[in-house]
Amino acid sequence: MSKTARVLLWTALGVGFAVIYFPLLVVLLNSVNADTTFGWPPKSFTLEWWGRAVTNEGALHALWTSVLVGLVATVIALLLGTMAAFALQRYRFFGRNSLSLLVVLPIALPGIVTGIALNNAFRTILGVDLGVVTVIVAHSTFCIVVVFNNVVARLRRLGGNLEEASMDLGANGLTTFRLVTFPMLRSALLAGGLLAFALSFDEIIVTTFTLGTGMETLPIWIYDNLFRPNQAPVVNVVAAVLIVVSTVPVYLAQRLSGGDSSSGGRI
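Treat the numbers as computed from the prediction; the structure is a model and nothing was measured.

### Side note on the overall build of the protein chain
- The number of helices and strands found in the protein chain is eleven helices and zero strands.
- Counting from the amino terminus, helix and strand elements in the protein chain follow one another as α-α-α-α-α-α-α-α-α-α-α.
- Looking at the protein chain as a whole, 38% of its 267 residues are labelled buried.
- For the protein chain, the exposed area adds up to about 15500 Å²; of that, 69% sits on carbon and sulfur atoms.
- Positive and negative side-chain charges in the protein chain, numbering 16 and 12 respectively, have mean positions lying 13 Å apart.

### With respect to helix α4 (residues 96–108)
- Between the first and last C-alpha of α4 there are 19 Å, a value that for 13 residues agrees with the 18 Å anticipated at 1.5 Å per step.
- Largest kink in α4: about 25 degrees, centred on Leu 102, with the proline Pro 106 one to four residues after it.

### Structural notes on the packing of aromatic side chains
- Under the defined criterion, the tally for this structure stands at two aromatic pairs.
- Note on Phe 17 and Tyr 21: the rings are 5.9 Å apart at their centroids and 40 degrees apart in plane angle, and the pair reads as tilted. Highlighted residues: Phe 17 and Tyr 21, both in helix α1 (residues 3–30), separated by four residues, approximately one helical turn.
- The exposure class assigned to Phe 17 is partly exposed, which follows from its relative accessible area of 44%.
- Exposure remark for Tyr 21: the relative accessible area of 47% places this residue in the partly exposed category.

### Describing the environment of Ser 246
- Within the secondary structure layout, Ser 246 lies in helix α11 (residues 232–263).
- Residue classification places Ser 246 among the buried positions, given a relative accessible area of 13%.
- With 44 residues separating them along the chain, Ser 246 and Asp 202 place their C-alpha atoms 7.1 Å apart.

### Structural notes on the confidence of the model for the protein chain
- Mean pLDDT for the protein chain: 83, with 94% of residues reaching 70 or above.
- Within the protein chain, helix α9 (residues 205–210) carries the highest mean pLDDT (92), whereas α11 carries the lowest (73).
- With pLDDT under 50 throughout, residues 261–267 is counted as low confidence; its partners more than four residues away or in other chains account for three contacts.

### Section: the nonpolar core
- Membership of the largest hydrophobic core comes to 21 residues, with the highest contact counts inside it found for Ala 85, Phe 148, Val 151, Leu 155 and Leu 185.
- Looking at this core, the elements that each hand over two or more residues are α3 (57–90), α5 (111–125), α6 (132–158) and α8 (173–201).
- It is α6 that contributes the most residues to this core, nine residues altogether.
- Each residue touching Leu 185, except ones within four places of it in the same chain, is listed here: Phe 86, Val 151, Arg 154 and Leu 155.
- Grouped together as the second largest cluster of nonpolar side chains are 15 residues, Ala 59, Ala 62, Val 234 and Val 238 included.

### Brief notes about the pattern of salt bridges
- Using the criterion set out here, one finds one salt bridge in the structure.
- Arg 52 is paired through a salt bridge with Glu 48; the nearest N and O atoms lie 2.7 Å apart. You can see Arg 52 and its partner Glu 48 sitting in helix α2 (residues 48–54), four residues apart, about one turn around the helix.
- For Arg 52, a relative accessible area of 39% gives the class partly exposed.

### Re the packing of α3 against helix α10 (residues 218–225)
- In contact at an axis separation of 7 Å, α3 and α10 are set at 145 degrees when each is read in the N-to-C sense. Contacts between α3 and α10 involve Gly 58, Ala 59, Ala 62, Leu 63 and Ser 66 from the former and Leu 218, Pro 219 and Trp 221 from the latter.
- Per-class residue counts for the contact of α3 with α10 are six nonpolar, two polar and no charged.

### Considerations on the environment of Ala 77
- Topologically, Ala 77 is positioned in helix α3.
- In this structure the C-alpha to C-alpha distance between Ala 77 and Phe 197, which are 120 residues apart in sequence, comes to 9.6 Å.
- Those residues in contact with Ala 77 that lie beyond four places of it in its chain are Thr 82, Cys 143, Ile 144 and Val 147.

### Topic: the side chain of Thr 210
- Tracing the sequence through the fold places Thr 210 in helix α9.
- Under the relative-accessibility criterion, Thr 210 is labelled buried at 0%.
- Within polar-contact distance, the side chain of Thr 210 engages the backbone oxygen of Val 206 at 2.9 Å.
- Sequence-distant contacts of Thr 210, that is, excluding residues within four places in its chain, are made with Gly 115, Leu 118, Asn 119, Phe 122, Leu 130, Gly 131, Thr 134, Val 135 and Ala 138.

### Concerning the environment of Ser 140
- By the element assignment, Ser 140 lies in helix α6.
- Among the residues examined, Ser 140 registers a relative accessible area of 5% and is labelled buried.
- For the pair Ser 140 and Val 237, spaced 97 residues apart in sequence, the C-alpha to C-alpha distance is 28 Å.
- Not counting residues within four places of it along the chain, the set of residues in contact with Ser 140 comprises Ala 73 and Ile 76.

Rules used throughout
Residues numbered from 1 in each chain as written. Predicted model: local features only at pLDDT ≥ 70, side-chain atom pairs only at ≥ 80, totals over all residues. Heavy atoms only, no water. Helix = DSSP H or I, 4+ residues; strand = E, 2+ residues; numbered from the N terminus. Buried < 20%, exposed > 50% of the residue type's maximum accessible area, 1.4 Å probe, protein only. Areas by Shrake-Rupley, 256 points an atom, 1.4 Å probe, with all protein chains shown as cover. Lys, Arg positive; Asp, Glu negative; His and termini not counted. Charge placed at Lys NZ, Arg CZ, Asp CG, Glu CD. Expected span 1.5 Å × (residues − 1). Bend = angle between axes of the 7 residues up to and from the residue. Phe/Tyr/Trp six-rings, centres within 6.5 Å; stacked < 30°, edge-to-face > 60°. pLDDT = per-residue confidence, 0-100. Contact = heavy atoms within 4.5 Å. Core = buried A, V, L, I, M, F, W, Y, C linked by side-chain atoms within 4.5 Å. Salt bridge = Lys/Arg side-chain N within 4 Å of Asp/Glu carboxyl O. Axes fitted to C-alpha atoms, helices over the stretch in contact; angles between N-to-C directions. Nonpolar A, V, L, I, M, F, W, Y, C, P; charged D, E, K, R; others polar. Polar contact = N/O pair within 3.5 Å; in protein donor to acceptor, adjacent residues only side chain to side chain.

Take a look at the structure:
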């Protein structure tokens, strides 16, 4: 590759990163910007807005709702996504490829389509009132895909030789899963769970269509208060927290996946 091509590629990479991450940096700086008009660059800094955010009942309640929904949706996704991965990876049956497509399709559909479909299903077909339960079910539909993809990828890489050897030595299916299969899948499950939680925590479109009236998750609280002048400083703080909470699980999942690729050859 020529020097000119390398320079162009590095320039394009730098511009891309700047477009993505500079606005996030602005949000983080504005969370400690003493100027309520958020003049740029900041002339002085303060932690006053963080103190207000800690005592803001609306933000705290929305945070609790987001954490609750994210945790329960992640647990459901871990259970169903893992079972689906085993069924579709370890067994051959008619319609297997079509079923695999149906499992991953929810994450590929536009969020507004999924939200409208679930809203109609809950309210019109099932006659269920919208609330936290309906949001958990809605988030589980796309969180399952994340876990499913992680577990399927791990199962493809591992094969079944160690499990067959375990059962040849006299271990039953449950013992083999506990002592052989689960330890090999543990990091993939953890990575999938972290990604699923991050995906659920910052979801807003599907949540808007499936959350009950008067209820808020943290992203919805941010959107509702974004253009209220008296709430703008607190919104920046909450947005900064949301950035951190969304980034940490993705970072940990990436590290786990990286570690798995390096250790796969030793298994």
